[in-house]
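As a plain string of letters, each chain reads:
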Amino acid sequence: MFWNKGGVLNISGDGVVEAQSAKYSMAVWAQGGTTIINGGTYTNVGATGDDPTHYDLLYVKNGGQIEINGGEFKCQTPKWTLNIKNASRETASIVVKGGKFHGFNPMEAEEGNFVAPGYKVVEESADVFVVMPE
């Protein structure tokens, strides 16, 4: 797991971040600062833990920010692929400018639209959504 408590964290490359934590199963947790994701694969599929109905793949709170420019995202519980702590919604953010999301459309999330202005979501195949410039 990448855990950003402040500053700028750039994540680039083709590696795999596989979250298997027994409690949270997060691949990226932005508790402050800015986290920029430019590529890679992020997954918690197969995770086991306290609440198998709610695993956050990318989680933000306390003024943290995540910017997604690319990468592939596969969450054990797809509706929680991107999540902002309720109490932090005025100070924390997730902005999507690219990437491939399995079972999760970042434009139609329960929490609202995470897709940046000037970008769109295309359903590449059944339940696979790709974010790209308009």
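Cut-offs used in this document
- Residues numbered from 1 in each chain as written.
- Predicted model: local features only at pLDDT ≥ 70, side-chain atom pairs only at ≥ 80, totals over all residues.
- Heavy atoms only, no water.
- Helix = DSSP H or I, 4+ residues; strand = E, 2+ residues; numbered from the N terminus.
- Rg over C-alpha atoms; globule rule 2.2 N^0.38 Å.
- Buried < 20%, exposed > 50% of the residue type's maximum accessible area, 1.4 Å probe, protein only.
- Core = buried A, V, L, I, M, F, W, Y, C linked by side-chain atoms within 4.5 Å.
- Contact = heavy atoms within 4.5 Å.
- Pairing = 2+ DSSP bridges.

Caption draft 1: Representation of the overall build of the protein chain. Along its length, the protein chain carries 0 helices and 10 strands. Ordered by position from N to C terminus, the α and β elements of the protein chain give β-β-β-β-β-β-β-β-β-β. Radius of gyration (C-alpha) of the protein chain: 13 Å, near the 14 Å computed for a compact globule of 134 residues. Its C-alpha atoms put the protein chain at 35 × 30 × 30 Å along the principal axes. Within the span of the protein chain, comprising 134 residues, buried residues form 45% of the whole.

Caption draft 2: Spotlight on the nonpolar core. One finds I37, Y42, L58, I66, I68, L82 and I94 to be the most contacted residues of the largest nonpolar core, which totals 28 residues. Contributing elements (two or more residues each) for this core: β3 (28–43), β4 (58–60), β5 (65–74), β6 (82–84), β7 (93–96) and β10 (128–133). Considering every element that reaches this core, the biggest residue donor is β3, with 4 residues. Discounting chain neighbours no more than four positions away, the residues touching Y42 are I11, V17, A27, V28, I37, L57, L58, E72, F73 and K74.

Caption draft 3: Main features of unusual backbone geometry. The backbone of N62 shows a phi angle near 50 degrees, a positive value even though the residue is not glycine. Of note, N62 is situated in the loop between β4 and β5. Residue D127 is not a glycine yet carries a positive backbone phi of 65 degrees. Locating D127 in the fold gives a position in the loop between β9 (119–125) and β10. Take D127: its relative accessible area is 44%, and that puts it in the partly exposed class.

Caption draft 4: Up close: the pairing of β3. For β3, the tally of buried residues reaches 12 of 16 residues, placing the bulk of the element in the interior. As paired elements, strand β1 (residues 2–11) and β3 share 8 bridges and run parallel to each other. In the sheet register, I11 faces β3, and the bridge partner there is I37. The sheet contact formed by strand β2 (residues 16–18) and β3 spans 3 bridges and is parallel. Across the sheet, residue V17 finds its bridge partner in β3, namely Y42. Where β3 and β4 come together, 3 bridges link them in parallel fashion. Considered in β4, the bridge of A30 is made with V60.

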